[in-house]
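So you can see what is in the structure, the chains are spelled out below.
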Amino acid sequence: MKAGLPKGTRDFLPAELVKRKWMFGIIEEVFRTYGYVPIETPVLENLSTLTGKYGEEGDRLLFKVLNNGDYLTKADEEAFQSKDSRKFTASVSKRGMRYDLTVPFARYVVMHRNDISLPFKRYQIQPVWRADRPQKGRYQEFYQCDVDVVGSTSLSYEAELVQIYDEVFKQLGIPVEIRINHRKLLSGIAQIAGIGEQWIDMTVAIDKLDKIGEEGVRKELTERGISEEAQKRIFEFLAGGDISSMRAMAKGNEEAMTGLEAIDKVFSYLESLPLHNTLKFDVTLARGLGYYTGCIFEVAALDAEMGSLGGGGRYDDLTGAFGWSDVPGVGISFGAERIYDVLEAKELFPANLQKGPKVLFAAFDDDAHAFAFACVSALRKAGIAADLYPEPGKLKKQFKYADDIGCAYIAIIGEEEIKSRTLTLKDLASGSQDTISIQEAIDRLS
RNA sequence: GUGGAUGUAGCUCAGCUGGUUAGAGCGCUAGAUUGUGGUUCUAGAGGUCGUCGGUUCGACCCCGAUCUUCCACCCCA
C-alpha cells in the first residue's frame, strides 16, 4: 500500500516541531502569568454536545464517528431509503470530533461545577477538527489556543484579554491590530435602522466592508432583503467612526448605548497601561459564532497577508444548553497555524532553537567507541543532550550526521584521547577545537 | 457545499502535433581524502510519469472517473 495522509492533515518534522513548541511555549507562559490554569478535554464528544452549537454551516463541518459493532442493525432504514443524510447519520453515529474548544469547555464547566470556583480561568491548547475544504493555512486538523474566564461579567476581563493578545504578539514579534466591537451595538444599529429582526443579516454583510466596499455591502444587504431606507440609516451610523459621535447618534437606543459604554469601559481600563500593539474600535467587526453576546475581538497581522490570527468575545450564557443557565463568560482564541505561517514568512523564529543533541561523539575504533559511550553517559548525567554515533569509523560520515541532526558540537575520541582520558571538542559553527577533560567539557556545554 | 487549476526522481522543475532507452539542477551513496564536516572533482543509485479505466498499432501527452494539493466563493483559525 502507498503511504499517505487524509486530506487537510499533516506530519511535523523535528525542525518544525521545535518551532511550534517555542511558539506554544510563549503563548502558554503568558496565559499562566495572567492566572489561567490548563485543562484538557477528549477528542471525541457526544454528537448531542456538538450539534446545533455552530449553526447549520458548523454542523456540516463536524466530523462524525461511526458507531462500533453492528451499527447497521440500528440504522434508520427509512432515512436511508429517502436519502435523508442527517437523519441517517444520527442513527449510526453518536460521537463526533471536537470542532472548537469553547463548546467542550462549556460542557466541562457544567459537569465539574462542584470542583471549580467561579470565576474560573482556564486555558486549553489542543487540536480541533473541521471537515472544511483545505486551503493554505486552513486544515482539517489544527491547533487552537483558548483562554476563557467564566462566572463574571466584569469588563476588566475584556481588558485583560486584550493585554494577553498584546503581550503574546509582542513576544512573538508580530505587530498586530486588535479590533474590538460589541454585539449589542450591532443589534442596536439594526433596531435604529428599523430592521431589528435582521440584525444578523446586517452584521454578516457589513463585516465585509473592508473587503468588498460599500457598493458590495449594499448589494448584499439588498439580497438579504434589507430596504434602501434601512441601508441609508446603517451607513449614516457607520460613518460616525468614533465612540463619542456614535453615542450621540445612538441616544435613545438602550441596546446600542450598552455596547458603546462597554467598549468605552474596556478602553478606560487600558488607558494608563500602554499597549505595544494598537487596539481599535471597529464597528464593522462581526465574528461568526452565534453565541457571542457582548464584546467581540479579532486580531490581524499588520504587515502580512493573512486572515485573522485569532478572535473571541463575551457570551452571556455559554452553559445554558447544558442545563446551567446564566453563567457568563468571555474568552479569546489564538489560531496557531496561521500565527506559525506568519512567523515563518517573516523569519521571526529564533535562530538558536536547538533541534538535535548539543554534542555528538565520534569514535575511530572499537576501543574509542567504548570510551565514548562512557563519556556520553557522563554528559547525559550532567543534563547535557549528548549522543554517540552508533559505530566507529570514518570521521566524514560522523561529521555529516552531526550537521544533519543539528548538533552544535562534535566530540572526537581516538587513541590519544583514551590514553589521556580526554576528548577533542569541536565547535561545528566556528571550527575551533580543544582537547579537554570530560569535566571541562561538561562545564563548557552546560 | 459551488466554481477553477494542479500532480513527472527525496526536493524544485523540463519533456515537441501521441513514436519506442523519460531528463536537468539540488539532494543521496561511494571514491579522490585511513585523526576533521559544510568547497571541488569522479562514479553510481534512485521513476509502475498521483491512481483506476478508456481511445490508439503505440499514451507522460488525448478522454472519463477518483484522490491530493492549491486558488476564488461559502465559512472560518
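Scroll up a little and you will see the structure.
Summarised in this report is the structure supplied together with it. The structure presented is a predicted model; accordingly, all values stated were derived computationally and were not measured.

Calculation rules
Residues numbered from 1 in each chain as written. Chains lettered and ligands numbered in written order. Predicted model: local features only at pLDDT ≥ 70, side-chain atom pairs only at ≥ 80, totals over all residues. Heavy atoms only, no water. Axes fitted to C-alpha atoms, helices over the stretch in contact; angles between N-to-C directions. Helix = DSSP H or I, 4+ residues; strand = E, 2+ residues; numbered from the N terminus. Contact = heavy atoms within 4.5 Å. Nonpolar A, V, L, I, M, F, W, Y, C, P; charged D, E, K, R; others polar. Polar contact = N/O pair within 3.5 Å; in protein donor to acceptor, adjacent residues only side chain to side chain. Pairing = 2+ DSSP bridges. Near = heavy atom within 4 Å.

It is worth spelling out the packing of helix α9 (residues 199–206) against helix α10 (residues 209–223) at this point. Running from amino to carboxyl end, α9 crosses α10 at an angle of 140 degrees, the nearest separation of the two axes being 8 Å. Between α9 and α10, the contacting residues are M202, V204, A205 and I206 on the first element and L209, V217, E220 and L221 on the second. Taken together, the residues of the contact of α9 with α10 break down into seven nonpolar, no polar and one charged.

Our next topic: the side chain of N277. Within the element layout of this structure, N277 appears in the loop between α13 (254–270) and β8 (278–281). From its side chain, N277 meets the backbone nitrogen of V176 in a polar contact 3.0 Å long. Apart from the residues within four sequence positions on either side, N277 is in contact with D166, F169, K170, I174, P175 and V176.

Spatially, the five strands line up as an open sheet ordered β13-β12-β14-β15-β16, and their pairing is mixed. Sheet topology places β13 (386–388) and β16 (433–437) at the edges, where each strand pairs with a single neighbour. Sheet twist, expressed as the mean angle between neighbouring strand axes with direction ignored, is 30 degrees. Across four bridges, strand β14 (residues 409–413) lies against strand β15 (residues 422–427) in antiparallel orientation. The residue of β15 that forms the bridge with A411 is L425. Across the sheet, helix α15 (residues 366–381) is in contact with β12 (359–363), β13, β14 and β15; its angle to β13 comes to roughly 165 degrees. Across the sheet, helix α16 (residues 395–404) touches β12, β14 and β15, and the angle it forms with β12 is around 170 degrees.

Quick look at the protein's contact with RNA strand B now. As a matter of local geometry, RNA strand B sits amid 44 residues, with K136, R138, Y139, R338 and L428 nearest to it. Of everything in RNA strand B that lies within 4 Å of the protein, sugar and phosphate atoms constitute 48%. Within the side chain of R338, a nitrogen or oxygen atom sits 2.3 Å from a sugar or linking oxygen of RNA strand B. Measuring from a base oxygen of RNA strand B, one finds a side-chain N or O atom of Q433 at 2.6 Å.

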